[in-house]
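# Structural overview
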Amino acid sequence: MTTAQTAPPPPMRLRELVFGAACAAALRAAARLGVPDALGDDPMSVEDLAAAVKTEPRPLRRLLRALSCYGVFAERPDGTFAHTEMSRLLREDAPDSLRWIALWCTEPWTWDAWPKLDEAVRTGKNVVQELYDKEFFPYLNEDAPESADVFNRAMTTSSEQSARDVAALLDLSGCASMADIGGGQGHVVASLLDKYPSMHGSLLDLPRVVENAVARLRPGGDLAGRVRIVPGDVREAVPVRADVYIIKNILEWDDDSTARTLRNVIEAGGPGTRVVVIENLVDDTPSMRFSTAMDLLLLLNVGGAKHTTDSMAGRLTAAGLVVDGIRPVNPYLHAFDCHVPG
């Protein structure tokens, strides 16, 4: 029986780390094969699992054995395999499913980019431009539509899950209106409108993004009468007036783009406006291994960066905001509660 190992000695731990790609590839393979979905509440033999997902039993056993070393699936004394808390998260129907996040973080382009990390560190620039002769998102949407679909599904899943936490954290009592700047498909807007039935909301993002806003916000949806959907680039202008602005997980670009976005929000809101910035941090958080990995991935694909508490606060202050407080939203996100002075 293979079980998750703990606290190996440094030489063994380093050997494990340099084989990290094997673990990532195994997670991707299990998700793409549909193994987590095929395995139900009861343990199954490898032969039955292989028949269900149309693979050969012997290599499937090797895959499951490798993952069980990390606590993803568990091998039982009789040779069958069972779910663990982590392997259940790879099921597509899990309430907090991470299937699409796991696939996004292991998409084909990542295997091209990671070996060039030393080049990105040396130059401070992304490597995607050199790899594919175009910037990352044009490449994704024009040349890798399947990967673009995985990205959209991963971002939707992440937004749905974090929107609930954001709505639970924020006290917007007394606010008549809110605006989500770069708010994707509008999951945060929908969650906050549910929490505050008298409040109105605005969703601002690129045209190709907001045209796929959640159905509840679009004409015919139950929240359509209380929301304004605004297509536009937040780096160019914020044509929305609100009592409170929410900026979540978009201040990861270059410093100029971040400064322009904050300036546009401040100009749109005016003195006294509340601005809540929500970001992953690479310090003072239990998710540092995940956040620092995402930080390096941002360097590789768009030349962006995650922030430390101080660097994020510094950018907000430099833009002209007053930071009133910093609070954790969940293990992965922190909220910077700010206001426009005046």
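Being a predicted model, the structure only gives us computed values, none of them experimental.

Turning our attention to the sheet that holds strand β5 (residues 227–231). Spatial strand order, β5-β4-β3-β6-β7-β9-β8: seven strands in an open sheet with mixed pairing. Looking at the sheet topology across the chains shown, the edges are occupied by β5 and β8 (322–330). Pairs of neighbouring strands in the sheet enclose a mean axial angle of 20 degrees, with direction left out of account. With five bridges joining them, strand β4 (residues 200–205) and β5 adopt parallel strand pairing. Paired with Gly201 across the strands is Val227, a residue of β5. Against the sheet, helix α15 (residues 255–269) touches β3 (177–181), β6 (244–248) and β7 (274–279), its axis set at about 165 degrees to β6.

Here we come to unusual backbone geometry. With a phi close to 60 degrees, Asp133 is a non-glycine residue in the positive phi region. Along the chain, Asp133 turns up in the loop between α10 (128–132) and α11 (136–143). One non-glycine residue with positive phi stands out, namely Asn249, at about 55 degrees. Looking at where Asn249 falls in the secondary structure, it is placed in the loop between β6 and α15.

Let's shift gears to the packing of helix α4 (residues 46–53) against helix α5 (residues 57–68). The contact between α4 and α5 brings their axes to 9 Å, and the two run at 105 degrees. With respect to α5, the element α4 is oriented roughly perpendicular. Across the interface between the two elements, Val46, Glu47, Leu49, Ala50 and Val53 of α4 pack against Pro57, Leu60, Arg61 and Leu64 of α5. Among the residues making up the contact of α4 with α5, the classes are represented as seven nonpolar, no polar and two charged.

On to the nonpolar core, then. Leu172, Met178, Leu192, Met199, Leu217, Ile246 and Ile278 are the most contacted members of the largest nonpolar core, which totals 29 residues. At the level of secondary structure, the elements contributing two or more residues to this core comprise α12 (145–169), α13 (187–195), β6, β7 and β9 (333–339). Take this core: its biggest share by element is five residues, from α13. The contacts of Ile246, once residues within four sequence positions are left out, are Leu170, Met178, Ala179, Asp180, Ile181, Val188, Leu192, Val276 and Ile278. Membership of the second largest hydrophobic core comes to 26 residues, among which are Val238, Tyr245, Ala268 and Phe336.

Cut-offs used in this document
- The residue count restarts for each chain, going from 1 along the sequence in the order it is written.
- Local features are withheld for residues below a pLDDT of 70 in this predicted model, meaning they are given only at 70 or higher, and side-chain atom pairs are given and counted only at 80 or more; totals for whole chains, interfaces and linings count all residues.
- The side-chain numbers reported here are obtained from all heavy atoms of the structure, hydrogens and water having been left aside.
- Only strands joined by at least two bridges in the DSSP assignment are considered to pair.
- Only DSSP runs of H or I covering at least 4 residues are called helices, and only runs of E covering at least 2 are called strands; the numbering of each starts at the N terminus.
- For helices, the fitted axis covers only the stretch in contact; all axes are lines through C-alpha atoms, and the angles between them, taken along N-to-C directions, range from 0 to 180 degrees.
- By definition in these notes, contact holds between two residues if any of their heavy atoms fall within 4.5 Å.
- Should an angle lie under 35 degrees it is considered roughly parallel, over 145 roughly antiparallel, and from 65 to 115 roughly perpendicular; all remaining angles are considered oblique.
- Following the grouping adopted for this structure description, the nonpolar residues are Ala, Val, Leu, Ile, Met, Phe, Trp, Tyr, Cys and Pro, the charged ones are Asp, Glu, Lys and Arg, and the polar ones are all others, Gly among them.
- By nonpolar core we mean a set of buried residues, namely Ala, Val, Leu, Ile, Met, Phe, Trp, Tyr and Cys, connected to one another through side-chain atoms within 4.5 Å.
- Only protein chains enter the accessibility calculation, which uses a 1.4 Å probe. A residue is then buried if its area is under 20% of the maximum for its type, exposed if over 50%, and partly exposed in between.

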